[in-house]
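Residue-level listing of the chains:
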Amino acid sequence: MRRGRRSGWLSAAFVVGCAALPLPELAPNQIEYWVETDWEGAHLEEGVRVFTTDLGYVVGLESFWFRTTSVELVPCEDTLEEELEEEQEHGQANDAISQGLRTVITSLLPGRAYAHGSAYDHDISVSEPEDFDELLSEELHLRGQSIALRARYCELFSVHGTGRDQTVASLRGWYQLPGSDERIPFEAEHPLGVTDVRPLPVGAWNDALLPFASEVIVTRHPARAFDGLELETLPPVDLAYEVSLGLLRSRSLHWSIGPAEE
Amino acid sequence: MENDDFSGETYGALHDVFWCSLACLLAAILLAACGDDDMGSDAAVDSGVDAPEQDASDLDADPDTSPPSTDNCSGWTLLETMYPDVSLDSLQRCTSPEGLAIEESLMNFEGIVVAGTIAADGSDGATPCVEVLCDADYAYIASNALPHYSPQAAPIFETADTPIVHRIPLSPAPIDQSTAADSFEGINGCDSALNMAVTHETPTMPPFSHCWYETEDGSANTGLHHITDGEHVYTKIHCYGQTAGLITGVPAFAPCEEARPDPYGSPLFWSYADPDTLFVDYCGTHPAAITHNHWINEVCLEQDENGAPANGYATGATAFVVEDLDEADCESESDIVGWSYDGHPMRGTCLCMARADDGSCTDLRRARSGYVYAGLARWSDDESELPNVDSATVSASYFGRELMECEDAGDCCPDGGLCRLHCHPLLVEDGDSVTLSNRCVTPDYSWCSHAFRDHDDALEDSGYVYLDRCNGVETADGYVYVGTPTFPYVNSCFRDAPSETARDNTYIYLEAGGGGGRPPRP
């Protein structure tokens, strides 16, 4: 269950560790990724989540599974350069140390994108749960643990891929056209990977966490995932795919960090 | 080195254009309808275009040549930067049959806003645009290079509004056949490619000369701009860069990526092998300095009766099955999916090779590339001074399993380690015939791993038509290029003289993310 949160607003950037610390003291910091579902705007009818979309469709969801294959933090732009420049300005690291550190960090941490056709190199903070989440439940689930070494992270990046069963999302239910009482059943799934990059919001202090340990909570709002969709126009595979995108677009993030000092 | 008279020093200016695009638009919108009705041009080559039908009332009426508003498509802001000899107020609506055919082919994006893409003003949710205007010689297809969906390639880069104008000759003109040209048969450098591939060394530039590349400082290039098979002189395409404008306005790029991640190889193998890599999506699209297509998926480009996109991304993506796209089971003709820079259209793979007097198609065939996968290891050479290309070294490397039949990647790389082979369906030679087969193949150096197989008769196999070196063919309606599911995927050279867009390197050296003035994603 979610631990209590004593709030204290930090800067807009997500700070793991402390950028002011001497670089040699940068130690791995624990990061936990949690997911939960918020059914605000829906009511429960005999196990079915029922809600109305912004276009006036009434939707009843009997099941909704969604897979997360990886989740990770994205370092802020130029973080490494800023750290090294700051160290050199303060004389806290000589050139040899900086060069050595640069080598270590760049070998552990993600490469930046090349100008054109490069692959994405995962950050060391990546966790690869490869799990489905059952979204009808409102329980909070731990979806991965990792370490985070960079001084500043700005975004959360997740990939929702296929896994072994070639399914990314699967949902079953019914909908009613605006103004209609007829329930049109649907059963839809899709095998197409989707991704999401989302800026991290202002965070909070959390005394329940170990020093510098952090947690990110992803809250999904399935009742908003159908907004903007003209459901009767979508083949099942497009329905499942568009709802997946809607689920990512409408999700919200919270993060907190343990106290900076013991 | 060959001098280049339009070597595309426009990328620096491109950034400026982005930042002042709104101001430029306001200043450039007022167009004079100059009433130049001399729009005809000498059609030297069959363009492969069916002009839209006009009824008598259309012909009697004064054609409306007043240009439409151009303030909703950022591509126009780049017109005079890319083509200094043209101004926006010198262009008109297209009225020639060739120009009208281009106009009619373009996607109608009206009312579409794509969440997850970055608009010209930096806001979330862009409206794709593709518009065309003409002068006497060219059609100018302006676009912001966005498809009708948000490409789900891993977010290495934003999918951002990025201006481009494709200059398409209204009448294809032949290449001067006396032009100096490299030879397809005498290509050097594939042994060097193999040498680097064996040890997974990243090249600094293409080691071969099938295609055109020049370093940013102009100090090195891949030879001449033209290439010949001994019978015809063609113009090379970019080794990495635009080869055609699709009906969405998104550019088709050369069959290869650049030096990374698969050196001068197709990103299709990797993306097809592991859909979760999300490097290029299954419509063949991925964002970069400019969003572009590495291959064509007709279903993604299908239009409804209003010219609007007929299918969502998921329907299109799940239809991209290489084996299905090679079946000799065409039931209807493929539509135009783009326009090459020499003026010929690009179509999907079902081509009409003969028509009856009433215009109905009497010989509908599946187009197959003329290229087969022949292996990068075939460039091994025991006499070479290169350290890694002797047959023993090559055989001992993962290339020892190249071209093996396979069911999955485990058959190709059973021991793990350095093994850059995928199990991928593609065309291979099988005795005297060509067949589609799952083989262990490397994605690297596509030009060297594939070989062109000349067919005495392009129609020799029932239900199929084999394409030429440029991935085109003379159909019942003229010459067309084809978007194929196997190499080279798009046009691989220009049969006729291309416009300047073919060699413009604006987007090759443009920093990724510059399109929207935003930094790249990591």
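Higher on the page you've got the structure.
Here's a quick rundown of the structure. (Residues numbered from 1 in each chain as written. Chains lettered and ligands numbered in written order. Predicted model: local features only at pLDDT ≥ 70, side-chain atom pairs only at ≥ 80, totals over all residues. Heavy atoms only, no water.)

### Details of the overall build of chain A
Looking only at helices and strands, chain A features four helices and 15 strands. The long-range fraction of contacts in chain A, counting pairs at least 24 apart against all pairs at least 6 apart in sequence, stands at 82%. (Helix = DSSP H or I, 4+ residues; strand = E, 2+ residues; numbered from the N terminus. Contact = heavy atoms within 4.5 Å.)

### Regarding the overall build of chain B
Across its full length, chain B holds 13 helices and 24 strands. When the 522 residues of chain B are sorted by exposure, 60% land in the buried category. Restricting to contacts in chain B with at least 6 residues of sequence separation, those with at least 24 account for 69%. Carbon and sulfur atoms form 45% of the exposed surface of chain B, whose accessible area is close to 19,200 Å². (Buried < 20%, exposed > 50% of the residue type's maximum accessible area, 1.4 Å probe, protein only. Areas by Shrake-Rupley, 256 points an atom, 1.4 Å probe, with all protein chains shown as cover.)

### Some thoughts on the pairing of strand 10 (residues 169-176) of chain A
Residues and elements named next belong to chain A. The element strand 10 is extensively covered by neighbouring structure, given that six of its eight residues are classed as buried. Pairing analysis gives eight bridges linking strand 5 (residues 58-68) to strand 10, with the strands arranged antiparallel. In the sheet register, Leu 61 faces strand 10, and the bridge partner there is Gly 173. Where strand 10 and strand 11 (residues 184-190) come together, seven bridges link them in antiparallel fashion. Across the sheet, residue Trp 174 finds its bridge partner in strand 11, namely Pro 185. (Pairing = 2+ DSSP bridges.)

### Overview of the sheet that holds strand 21 (residues 464-466) of chain B
Residues and elements named next belong to chain B. Pairing within the open sheet is mixed, and its three strands lie in the order 15-16-21. At either margin of the open sheet sits one strand with a lone partner, and together these are strand 15 (350-352) and strand 21. Direction aside, neighbouring strands of the sheet carry axes that sit 50° apart on average. Note that strand 15 and strand 16 (residues 364-368) share three bridges and pair antiparallel. When the bridges of strand 16 are listed, Cys 352 appears paired with Leu 364. (Axes fitted to C-alpha atoms, helices over the stretch in contact; angles between N-to-C directions.)

### Considerations on a negative patch on the surface
Residue and element names in this part refer to chain B. On the surface, a cluster of negative charge is made up of Glu 231, Asp 454, Asp 456 and Asp 457. Locating Asp 457 in the fold gives a position in the loop between strand 20 (450-452) and strand 21. A residue is classified by how much of its surface remains accessible, and Asp 457, at 40% relative accessible area, is partly exposed. (Patch = residues over 30% accessible without salt bridge, like charges linked within 9 Å, V, L, I, M, F, W, Y side chains within 5 Å. Salt bridge = Lys/Arg side-chain N within 4 Å of Asp/Glu carboxyl O. Lys, Arg positive; Asp, Glu negative; His and termini not counted. Charge placed at Lys NZ, Arg CZ, Asp CG, Glu CD.)

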